[in-house]
Amino acid sequence: MRKLSDEIESFPDIFMRRNWLPKLNDVRSKVAGLIGARQDEVVIVPNATHGVNNIVTQINWQDGDVVIMCKFTLRVSHA
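Residues numbered from 1 in each chain as written. Predicted model: local features only at pLDDT ≥ 70, side-chain atom pairs only at ≥ 80, totals over all residues. Heavy atoms only, no water.

1. Re the overall build of the chain
- Summing up its helical and strand segments, the chain has 3 helices and 0 strands in all.
- Ordering the α and β elements of the chain from the N terminus gives α-α-α.
- Computed over the C-alpha atoms, the radius of gyration of the chain is 18 Å, more than 25% above the 12 Å expected from 2.2 N^0.38 for a compact globule of 79 residues.
- Dimensions of the chain, computed from the C-alpha atoms along their principal axes, are close to 50 × 50 × 25 Å.
- Total accessible area on the chain stands at roughly 7,600 Å², and carbon and sulfur atoms take up 59% of it. (Helix = DSSP H or I, 4+ residues; strand = E, 2+ residues; numbered from the N terminus. Rg over C-alpha atoms; globule rule 2.2 N^0.38 Å. Areas by Shrake-Rupley, 256 points an atom, 1.4 Å probe, with all protein chains shown as cover.)

The following block contains the structure:
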């Protein structure tokens, strides 16, 4: 993390114009392999709220579309 922060802070303009997209695509490719998706199906968002907002507002929903929601609780017990 420190190395990446130093790269961004040293040359922010160059980083934003040239370096961030290849790094983002590398992360998307790795995540896609991990979850069995294509790279173009993976979107990296800063947090869950941002992701849900993108899904709700950016998809052209049609009558009859179905949204599936999952709610789960993770409980950890220390013996």
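2. Points about the packing of helix α1 (residues 2–10) against helix α2 (residues 12–35)
- In contact at an axis separation of 7 Å, α1 and α2 are set at 140° when each is read in the N-to-C sense. With respect to each other, α1 and α2 are oriented oblique. Touching Leu4, Glu7, Ile8, Glu9 and Ser10 of α1 are Pro12, Phe15, Asn19 and Lys23, all from α2.
- Taken together, the residues of the contact of α1 with α2 sort by class into 4 nonpolar, 2 polar and 3 charged. (Axes fitted to C-alpha atoms, helices over the stretch in contact; angles between N-to-C directions. Parallel < 35°, antiparallel > 145°, perpendicular 65-115°, else oblique. Contact = heavy atoms within 4.5 Å. Nonpolar A, V, L, I, M, F, W, Y, C, P; charged D, E, K, R; others polar.)

3. Structural notes on the pattern of salt bridges
- Per the counting criterion, the structure on display carries 7 salt bridges.
- As a salt-bridge pair, arginine 38 and glutamate 41 come within 3.4 Å of each other at their nearest N and O atoms. (Salt bridge = Lys/Arg side-chain N within 4 Å of Asp/Glu carboxyl O.)

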